[in-house]
Amino acid sequence: MNWIWIAIRAAGLTGYLLLTISLLVGIYSHIPRKRGSFLTFHQIIGQVALLFIGIHAYLLIFDMYQPFSVSELLIPFTASYEPVLSGLGTISFYLLIIVVLTSDFMKKVGQSAWKKAHYLVFPLWFVSEIHGLFLGTDSASLWALALYGGSVLMVSMATIFLVWKKLSKKQKQSSVVT
């Protein structure tokens with residue numbers, strides 16, 4: 001049994017799942033109520049997702065079937081194996097680094113820059129979805145299709161709800177002003 005291959009798959013799927021959970025908790029945190037520890041949970045899950053995705057990428061160097069060089073991992077679209085899909089994984093990893101670092105240093109980068117960087121989570125999640133769905137070796141499995149499809153459904157519905165909430169809030173504010 002190829003333990004490296006299993007660890008690569010497990011780390012990638014775990015990172016994706018944690019990224020999805022962090023995104024959903026981040027969206028959920030916009031619902032008015034006592035916030036409590038949601039923000040802390042959201043941040044920690046995002047950081048742990050980054051760790052697992054980093055492990056996923058690192059282990060690809062040691063894969064016996066299709067090893068990646070360090071440069072193939074670090075420079076998008078240069079991999080000999082599925083360069084576009086592999087490059088999307090690299091790009092999503094870089095975007096996640098930006099989101100996590102700007103969150104960790106929000107006071108230094110400023111709230112405006114942090115907010116703009118934080119919205120990168122939507123394209124980064126989408127690109128991660130494409131990377132995993134079309135490059136993952138388990139993607140044809142029913143459980144993987146349910147994971148990816150369920151994630152798309154949950155994130156889409158939560159995003160629609162968030163946008164609707166923000167638009168209705170703006171509409172209420174503009175009707176109060178006039």
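Keep in mind the model is a prediction, meaning the values are calculated, not measured.

Reading the values: rules and limits
Residue positions are counted from 1 within each chain, in the order its sequence is given. Where local features are concerned, this predicted model is filtered to residues with pLDDT of at least 70; where side-chain atom pairs are given and counted, the filter is 80 or more; whole-chain, interface and lining totals use all residues. Hydrogens and waters are ignored; side-chain quantities use all the structure's heavy atoms. The set of buried Ala, Val, Leu, Ile, Met, Phe, Trp, Tyr and Cys residues whose side-chain atoms join them within 4.5 Å is what this entry labels a nonpolar core. Each residue is placed in one exposure class: buried if its accessible area under a 1.4 Å probe, protein chains only, is under 20% of its type's maximum, exposed if it is over 50%, and partly exposed if it falls in between. Elements are defined by DSSP. Helices are runs of H or I of four residues or more, strands are runs of E of two residues or more, and each kind is numbered from the N terminus. We call two residues contacting when some pair of their heavy atoms lies within 4.5 Å. Working definition: a ring pair exists when centres of Phe, Tyr or Trp rings (six-membered ring for Trp) sit within 6.5 Å. Plane angles under 30 degrees give stacked, over 60 give edge-to-face, the rest tilted. A ring is considered to have a charge above it if a Lys NZ or an Arg CZ atom is located within 6 Å of its centre and within 35 degrees of its normal.

A.B. asks: Pulling in residues and values, what's your account of the nonpolar core?
C.D. replies: Formed by 24 residues in total, the largest nonpolar core has its most connected members in Leu19, Leu23, Leu96, Leu124 and Trp125. Broken down by secondary-structure element, the contributors of at least two residues to this core are α1 (3-28), α2 (38-59), α4 (83-104), α7 (121-135) and α8 (142-177). Counting residues per element, this core draws most heavily on α1, at seven residues. Contacts of Leu96, omitting those with residues within four sequence positions, involve Leu19, Ala49, Leu50, Ile53 and Leu124. One finds Leu59, Phe68, Leu73 and Ala79 within the second-largest nonpolar core, a separate group that totals six residues.

A.B. asks: Quick one: what's the story with the packing of aromatic side chains, residue by residue and with numbers?
C.D. replies: Between two aromatic rings, the relevant description is the distance of the centres plus the angle of the planes. Applying the stated criterion across every chain yields a total of seven aromatic pairs. Taking 5.0 Å as the distance between ring centres and 65 degrees as the angle between the ring planes, the aromatic pair formed by Tyr28 and Phe38 counts as edge-to-face. Pair noted here: Tyr28 is in helix α1 and Phe38 is in helix α2, with a separation of 10 residues, a long-range link. Among the residues examined, Tyr28 registers a relative accessible area of 36% and is labelled partly exposed. Taking relative accessible area as the criterion, Phe38 reaches 29% and is therefore assigned partly exposed. Three or more aromatic residues link up through ring pairs in this structure, and these residues are Tyr16, Trp125 and Tyr148. In this structure, Arg9 is placed above the aromatic ring of Trp5, and the distance from its NZ or CZ to the ring centre is 4.1 Å.

A.B. asks: Before we move on, could you go through unusual backbone geometry and cite the residues and values that matter?
C.D. replies: The phi torsion at Phe77 lies on the positive side, around 70 degrees, for a residue other than glycine. Considering the arrangement of structural elements, one finds Phe77 in the loop between α3 (70-74) and α4. Taking relative accessible area as the criterion, Phe77 reaches 42% and is therefore assigned partly exposed. Residues other than glycine seldom take positive phi values, yet Glu82 does so here, at roughly 45 degrees. When its relative accessible area of 38% is taken as the criterion, Glu82 is described as partly exposed.

A.B. asks: How would you sum up the environment of Leu167? Please name residues and give values.
C.D. replies: Tracing the backbone through its elements, the reader meets Leu167 in helix α8. On the basis of relative accessibility, which here comes to 53%, the residue Leu167 falls in the exposed class. Expressed as a C-alpha distance, the spacing of Leu167 and Trp143, which sit 24 residues apart in the sequence, is 36 Å.

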